[in-house]
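What follows is each chain in one-letter form.
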Amino acid sequence: MIVFLSGAELFALALVAHVIVWKFRLPKHHTPALLGIFFMALLLCFPFALIQGLSLTEILHSSLLYISLSLCYVITYSAIEGDSPTLSLMRFVAEKPLQGRTLREIESFFAERPFIRSRISALLHSSLVREENGRYLIQGSPSLPFRLILGFRRIYGEIPKGG
Amino acid sequence: MLDLLIPILSVLVNLTVQVLSFRHWRGSNYFLTIILGFGVGLVAFVVMEIPFLWRSFSTDHLLTALLVNAPIYVCLAYCYYIFVQLGQTSIRIRLYAEIASKTDGLSADEVAREYSDDSLVAVRIQRLVESGDLIKRNGAFFVGRRRLTLIGNILFFAKLFLLGKTSEFDQVNE
């Protein structure tokens, strides 16, 4: 039980710290800042866990619970930070449950939301891609998560276009 | 110490089954492979937990299995699902992979041709109609299954609470 309580309490504390930081000042790069907060919370609470008399196994176990919950939140946060075209479309259609939405309405809804341009901007903003003479080129080497996703994609083979 | 490894091993089972079944069906039945991977991983989780609890049963061990190990497995399986999903549907990942695959990169025109907002809409609508989330009736689209609307609403309010806006395009539309 102590493993569950310590892991869950630490996660709740990190969430509170995240909300306070976000309300005080939004970071420029959300995901690295979020990962930093969760990592710092884990580091800062480690001495307290030892003082409380938790064994190394219990600390490892509650840390694993905490890391799993944190990863879940960070991954879900990316959908909070940027809009999902699919979920935006579903909410737009749901706004008129009786009349529904015509294709023209949906197209004009998406015309106001330039997702492709936004994702290109995000790649430029995070320095993964650079623009040179009107062409987009890879900048440096991609981060580990990016390399992992790209590597895993090879297992899956060709993916239909359209994002 | 061993019970710490149970959720990690279960996720490895999940991953292996999902990849093998995906390759077996040559890319079709994608969601079925996700569910199959999760299900077999869950069975592996239970199979590994039972002997551990049998050997040294106590309320504390049972609570650890239910409140710690099971959530760890579900969280890691969820992370794996999102990880796979990113490779499948993320526009950013697709664009990056496309740019990386060409030595001279992509021009803005090529990006517009390959990834137009129109094709983005068409693919989304087709997927949603096929999955039953959207229904097409008399030339209009209606919500079929409400699950995605519910997730969309939760994220909408989370965005409003955390970021103080309702869409990433708020500043564009103002």
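Since the model is a prediction, treat every value here as computed from it, not as a measurement.

Colleague: Quick rundown of the pairing of strand E2 (residues 129-132) of chain A? Include the residues and the values.
Modeller: Residues and elements named next belong to chain A. Relative to strand E3 (residues 135-138), E2 runs antiparallel, the two being bridged by 4 bridges. Bridging across to E3, Arg130 finds its partner in Leu137. Taking the residues between adjacent antiparallel strands as the criterion, E2 and E3 are bridged by 2 residues, where Asn133 takes a positive phi near 50°.

Colleague: Before we move on, could you go through the interface of chain B and chain A and cite the residues and values that matter?
Modeller: With 71 residues of chain B at the contact, the number on the chain A side is 66 residues. Considering every element that reaches the side of chain B that touches chain A, the biggest residue donor is helix H3 (residues 59-89) of chain B, with 17 residues. Its residues assigned to classes, the side of chain B that touches chain A shows 45 nonpolar, 15 polar and 11 charged. Sheet analysis places E3(A) next to strand E1 (residues 106-107) of chain B, joined by 2 bridges and oriented antiparallel. Among the inter-strand pairings, A:Arg135 is bridged to a residue of E1(B), identified as B:Ser107.

Colleague: Which residues make up the pairing of strand E2 (residues 134-137) of chain B, and what are the values?
Modeller: Pairing of E2(B) with strand E3 (residues 140-143) of chain B involves 4 bridges; the strand directions are antiparallel. Paired with B:Leu134 across the two strands is B:Val143, which belongs to E3(B).

Colleague: Can you lay out the sheet that holds E3(A) for me, pointing to particular residues and giving the numbers?
Modeller: Read across the open sheet, the 3 strands follow the order E2(A)-E3(A)-E1(B); overall the sheet is antiparallel. Of all the strands in the sheet, just E2 of chain A together with E1 of chain B have a single pairing partner and so form its edges. Contacts between helix H4 (residues 91-100) of chain B and the sheet are confined to E2 and E3 of chain A together with E1 of chain B, with E3(A) contributing the most and set at about 90° to the helix.

Colleague: Before we move on, can you summarise the domain arrangement of chain A with the specific residues and values?
Modeller: Annotation of chain A at the domain level lists domain 1 (2-81), domain 2 (83-113) and domain 3 (114-163). One C-alpha centre belongs to domain 1 of chain A, the other to domain 3 of chain A, and the line joining them spans 29 Å.

Colleague: Hey, could you go over the domain arrangement of chain B for me, with residue numbers and the actual values?
Modeller: Domain parsing of chain B yields domain 1 (2-93) and domain 2 (116-166). Centre-to-centre separation of domain 1 of chain B and domain 2 of chain B, based on C-alpha positions: 28 Å.

Colleague: Account for helix H6 (residues 117-131) of chain B, with residues named and values stated.
Modeller: If you check H6(B), its first and last C-alpha atoms are 21 Å apart, about what 15 residues at 1.5 Å a residue would give, namely 21 Å. Looking at the buried positions of H6(B), the neighbouring elements they touch are helix H4 (85-94), helix H5 (103-111) and helix H6 (115-125) of chain A together with E2 of chain B. Following H6(B) by one or two positions, B:Gly132 has its phi on the positive side, about 85°.

Colleague: Can you lay out unusual backbone geometry for me, pointing to particular residues and giving the numbers?
Modeller: One non-glycine residue, A:Asn133, lies in the positive phi region at around 50°. Tracing the backbone shows A:Asn133 in the loop between E2 and E3. At B:Asn138, a position not held by glycine, the phi torsion is positive, near 50°. Summarising the element assignment, B:Asn138 is placed in the loop between E2 and E3.

Colleague: Run through the environment of A:His61, naming residues and quoting values.
Modeller: With respect to the helices and strands, the residue A:His61 is situated in helix H3 (residues 56-81). The class of A:His61 is buried, set by 24 C-beta atoms lying within 10 Å. Here the alpha-carbon distance between A:His61 and A:Pro32, two residues 29 residues apart in the chain, equals 25 Å. Those residues in contact with A:His61 that lie beyond four places of it in its chain are A:Val3, B:Leu4 and B:Val68.

Colleague: How would you sum up the sheet that holds E2(B)? Please name residues and give values.
Modeller: Taken in spatial order, the 3 strands line up as E1(A)-E3(B)-E2(B) in an open sheet, and their pairing is antiparallel. At either margin of the open sheet sits one strand with a lone partner, and together these are strand E1 (101-102) of chain A together with E2 of chain B. Across 2 bridges, E1(A) lies against E3(B) in antiparallel orientation. If you follow A:Arg101 over to E3(B), its bridge partner there is B:Phe141.

Colleague: Summarise the packing of helix H1 (residues 2-24) of chain A against H3(B); cite the residues concerned and give the values.
Modeller: Contact geometry of H1(A) with H3(B) gives a least axis separation of 9 Å together with a crossing angle of 20°. As summarised for this structure, H1(A) and H3(B) are arranged roughly parallel, according to the angle between their axes. Crossing of H1(A) over H3(B) shows left-handed handedness. Between H1(A), through A:Val3, A:Phe4 and A:Gly7, and H3(B), the contact on the second element is made entirely by B:Leu63, B:Thr64, B:Leu67 and B:Val68. Among the residues forming the contact of H1(A) with H3(B), the class breakdown is 5 nonpolar, 2 polar and no charged.

Colleague: Account for the packing of H1(A) against H3(A), with residues named and values stated.
Modeller: For any two helices packed against each other, the geometry comes down to the angle between their axes and how far apart the axes lie. All names here are of chain A. The contact between H1 and H3 brings their axes to 8 Å, and the two run at 40°. Judged on the interaxial angle alone, H3 and H1 are oblique. The two elements H1 and H3 cross, and the hand of that crossing is right-handed. Seen from H1, the contacting residues are Ile2, Val3, Phe4, Ser6, Gly7, Leu10, Phe11 and Ala14; seen from H3, they are Glu58, His61, Ser62, Leu65, Tyr66, Leu69 and Ser70. In terms of residue class, the contact of H1 with H3 is made up of 9 nonpolar, 5 polar and 1 charged.

Colleague: Let's hear about the confidence of the model for chain B: which residues, and what values?
Modeller: Residue and element names in this part refer to chain B. Scored by pLDDT, chain B comes out at a mean of 86, with 97% of its residues at no less than 70. At the level of individual helices and strands, chain B shows its lowest average pLDDT in helix H8 (residues 170-173), which scores 57, and its highest in E3, which scores 94. Both scores are available for the predicted complex, with the pTM at 0.83 and the ipTM at 0.82.

Calculation rules
- Residues numbered from 1 in each chain as written.
- Chains lettered and ligands numbered in written order.
- Predicted model: local features only at pLDDT ≥ 70, side-chain atom pairs only at ≥ 80, totals over all residues.
- Pairing = 2+ DSSP bridges.
- Helix = DSSP H or I, 4+ residues; strand = E, 2+ residues; numbered from the N terminus.
- Contact = placed C-beta atoms within 7 Å.
- Nonpolar A, V, L, I, M, F, W, Y, C, P; charged D, E, K, R; others polar.
- Axes fitted to C-alpha atoms, helices over the stretch in contact; angles between N-to-C directions.
- Domains from an automatic or database assignment.
- Expected span 1.5 Å × (residues − 1).
- Buried ≥ 20, exposed ≤ 12 C-beta atoms within 10 Å, placed from the backbone.
- Parallel < 35°, antiparallel > 145°, perpendicular 65-115°, else oblique.
- Left-handed = near helix turned anticlockwise from the far one by under 90°.
- pLDDT = per-residue confidence, 0-100.

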